[in-house]
Amino acid sequence: QVQLVESGGGLVQPGGSLRLSCAASGIVPSTYIMGWYRQPPGMQRELVATIAFTRATNYADSVKGRFTIDRDNAKKTVSLQMTSLKLEDTAVYYCHFRNRYTNVEHWGQGTQVTVST
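Residues numbered from 1 in each chain as written. Predicted model: local features only at pLDDT ≥ 70, side-chain atom pairs only at ≥ 80, totals over all residues. Heavy atoms only, no water.

A. Inspection of the nonpolar core at higher detail. Grouped together as the largest cluster of nonpolar side chains are 28 residues, with contacts concentrated most on Trp36, Val78, Leu80, Met82, Tyr93 and Phe97. Breaking this core down by element, the ones donating at least two residues are strand E3 (18-25), strand E4 (32-39), strand E5 (46-51), strand E7 (67-72), strand E8 (77-82), strand E9 (91-99) and strand E11 (111-115). Residue contacts for Leu80: discarding those within four places in its chain leaves Leu18, Arg19, Leu20, Trp36, Val48, Ala49, Phe67, Thr68, Ile69 and Tyr93. (Core = buried A, V, L, I, M, F, W, Y, C linked by side-chain atoms within 4.5 Å. Buried < 20%, exposed > 50% of the residue type's maximum accessible area, 1.4 Å probe, protein only. Helix = DSSP H or I, 4+ residues; strand = E, 2+ residues; numbered from the N terminus. Contact = heavy atoms within 4.5 Å.)

Written out as structure tokens, the structure reads:
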């Protein structure tokens, strides 16, 4: 059974940094595209970034140059380093794993990131 456990959310001032991590169990890393989504208050869930097994990455325009996604296949983890945080980055962040062969998806439980003065 696949399980994703997130950590690292919290409260930070504008311009600050946070690092999110997601640890997976029950997966074969080479078969999964790993990523992060977020859901701001009152809004729909949106893509933040993805990283393939080849380490090819994709970012939402709103986070390019500020966020960095990375993965450790041996540890079965994906991380999101967030810098220069803005008020509009406030959201619940979810890690997301998609099997590139079957398209089966798995979600983390979500972690709150609040950017506030």
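B. Layout of the sheet that holds strand E1 (residues 3-7). Pairing in this open sheet of 4 strands is antiparallel, and the strands run E1-E3-E8-E7 from one edge to the other. What marks the edges here is a single partner per strand, and that holds for E1 and E7. Sheet twist, expressed as the mean angle between neighbouring strand axes with direction ignored, is 15°. Of the pairings in the sheet, the one linking E1 to E3 comprises 5 bridges and is antiparallel in character. Counted as the bridge partner of Ser7 is Ser21 from E3. (Pairing = 2+ DSSP bridges. Axes fitted to C-alpha atoms, helices over the stretch in contact; angles between N-to-C directions.)

C. Structural detail: the environment of Arg19. Its place among the elements puts Arg19 in strand E3. Judged by its relative accessible area of 46%, Arg19 is partly exposed. When the C-alpha atoms of Arg19 and Ser79 are compared, they prove to be 7.0 Å apart, with 60 residues separating the residues in sequence. Once residues lying within four places of it in the same chain are set aside, the contact partners of Arg19 are Ser7, Gly8, Ser79, Leu80 and Gln81. At 3.5 Å, the side chain of Arg19 and the side chain of Gln81 are in polar contact. (Polar contact = N/O pair within 3.5 Å; in protein donor to acceptor, adjacent residues only side chain to side chain.)

D. The arrangement of the side chain of Asn99 in detail. Note on placement: Asn99 falls in strand E9. The class for Asn99 is buried, based on a relative accessible area of 11%. At a separation of 3.0 Å, a polar atom in the side chain of Asn99 contacts the main-chain amide nitrogen of Thr102. Ignoring anything within four residues of it in the chain, the contact list for Asn99 reads Thr31, Tyr32 and Val104.

E. Fine view of the pairing of E11. In E11, alternate side chains face the same way, and those of Thr111, Val113 and Val115 are buried while those of Gln112 and Thr114 on the opposite face are not. Bridging between E9 and E11 involves 3 bridges; their strand directions are antiparallel. Considered in E11, the bridge of Tyr93 is made with Thr111.

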